[in-house]
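One-letter residues, chain by chain:
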Amino acid sequence: RGRLFFAVACAVIVTMAATAVLQVALLLFRVGDHAGMLNGGFAFIVTRDEGGAAPAGFVTISRYAVWQSTLAAGLLTLRLIPGLVILASLVGLFRLYARRLIFSADHERWMRRIAWALIAYALVPLVTHAALYAAGMSPVAVKLEWRQLDAAILGILLFAFVDVIAFGAEIERDRAGFF
């Protein structure tokens, strides 16, 4: 079962990475038909309504200066990094599970990396919204969402779980040295 989870995690991370690269490229190359800003955040239009109109409030990225679209691409990259770190860490975790290694130093390291990435996932939007506001691309300087709070709480709880894993790893090392 661990190998199956490993394969699924690899497929998801490749899909997410490809999507992230596409989104950043749409902003960087100023593809205004599909990329822009909406309600103070990044927005991408896959298909338009029947009339071909964009959603109300959608501002195409091509309406901004080149430095603003470059900034937006950089900020979007910053926003996507924590999620990609989490997915890459899950790949590492599932690789350990496939080898039936639960209480190990590697397991502890992967879980700690996920916890830090969750904290980053909660905090990075505060930086990106403030930067977009300062650049004149967003009407709001601070935009808090429930998922940010969820990620922060989950990250903190995961740090507590990492302590349990570390304790279990220590027991495993003692047991391996005893027999």
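Look a little higher up for the structure.
The rules behind the values
Residues numbered from 1 in each chain as written. Predicted model: local features only at pLDDT ≥ 70, side-chain atom pairs only at ≥ 80, totals over all residues. Heavy atoms only, no water. Helix = DSSP H or I, 4+ residues; strand = E, 2+ residues; numbered from the N terminus. Rg over C-alpha atoms; globule rule 2.2 N^0.38 Å. Buried < 20%, exposed > 50% of the residue type's maximum accessible area, 1.4 Å probe, protein only. Core = buried A, V, L, I, M, F, W, Y, C linked by side-chain atoms within 4.5 Å. Contact = heavy atoms within 4.5 Å. 1 Å grid on protein atoms, 1.4 Å probe; cavity = no way out; pocket = protein on both sides within 12 Å on 5 of 7 lines; lining within 4 Å. Points joined across faces, edges and corners; volume = space filled by probe spheres on them. Nonpolar A, V, L, I, M, F, W, Y, C, P; charged D, E, K, R; others polar. Polar contact = N/O pair within 3.5 Å; in protein donor to acceptor, adjacent residues only side chain to side chain. Expected span 1.5 Å × (residues − 1). Bend = angle between axes of the 7 residues up to and from the residue.

S.K.: I'm lost on the overall build of the protein chain in this one. Help?
M.R.: Across its full length, the protein chain holds four helices and three strands. Counting from the amino terminus, helix and strand elements in the protein chain follow one another as α-β-β-β-α-α-α. Taken against the 2.2 N^0.38 rule, which gives 16 Å for 179 residues, the C-alpha radius of gyration of the protein chain at 20 Å runs more than 25% over that of a compact globule. The dimensions of the protein chain, computed from C-alpha atoms along their principal axes, are 70 × 30 × 25 Å. Counting every position in the protein chain, which comprises 179 residues, the buried fraction comes to 35%.

S.K.: Where do I start with the nonpolar core in this structure?
M.R.: Soluble globular proteins: nonpolar side chains tend toward being buried together. Core analysis: the biggest nonpolar cluster contains 16 residues, and Ile 86, Leu 93, Met 111, Ile 114, Leu 118 and Leu 158 have the highest contact counts within it. Among the elements of the structure, helix H2 (66-98), helix H3 (105-134) and helix H4 (146-178) are those that each provide at least two residues to this core. Of the residues forming this core, the biggest block, eight residues, is contributed by H3. Once residues within four sequence positions are removed from consideration, Ile 114 is found in contact with Ile 86, Ser 89, Leu 90, Leu 93 and Leu 158. Within the second largest apolar cluster, 15 residues are counted, among which are Leu 27, Met 37, Phe 42 and Tyr 64.

S.K.: When you look at the layout of surface pockets in this model, what are you seeing that I'm missing?
M.R.: Estimated volume of the largest pocket: approximately 390 Å³. Along its surface, the largest pocket is lined by 21 residues, and Leu 76, Arg 79, Leu 80, Tyr 121 and Arg 147 are the ones closest to its centre. Elements with a minimum of two residues in the lining of the largest pocket: helix H1 (2-28), strand E2 (41-44), H2 and H3. Broken down by element, the lining of the largest pocket gets its largest block of residues, seven residues, from H2. A breakdown of the residues in the lining of the largest pocket according to their chemical character gives 13 nonpolar, four polar and four charged.

S.K.: Is there a simple way to think about the side chain of His 107 in this case?
M.R.: By the secondary structure assignment, His 107 is in helix H3. A polar side-chain atom of His 107 sits 3.0 Å from a polar atom in the side chain of Tyr 97.

S.K.: Looking at this model, I keep getting lost on the side chain of Gln 68. Mind explaining?
M.R.: Relative to the helices and strands, Gln 68 is located in helix H2. Within polar-contact distance, the side chain of Gln 68 engages the backbone nitrogen of Ala 65 at 2.9 Å. Ignoring anything within four residues of it in the chain, the contact list for Gln 68 reads Ala 135, Gly 136 and Met 137.

S.K.: Any chance you could explain unusual backbone geometry here in plain terms?
M.R.: Leaving glycine aside, a negative phi is the common case for residues, and trans is the common case for peptide bonds. In this structure, Arg 30 is a non-glycine residue whose phi angle is positive, near 55 degrees. Along the chain, Arg 30 falls in the loop between H1 and strand E1 (35-38). If you check the backbone angles, Asn 39 has positive phi at about 55 degrees while not being a glycine. Assignment of secondary structure puts Asn 39 in the loop between E1 and E2.

S.K.: Where do I start with H2 in this structure?
M.R.: Residue pairs spaced three or four apart in an α-helix point in one direction, given the helix's 3.6 residues per turn. Between its first and last C-alpha, H2 extends 47 Å over 33 residues, near the 48 Å set by a 1.5 Å rise per residue. Considering bend angle alone, the principal kink of H2 is centred on Leu 80 and spans about 30 degrees; proline Pro 82 follows within four residues of it. Directly beyond the C-terminal end of H2, a positive phi value near 60 degrees is found at Arg 100.

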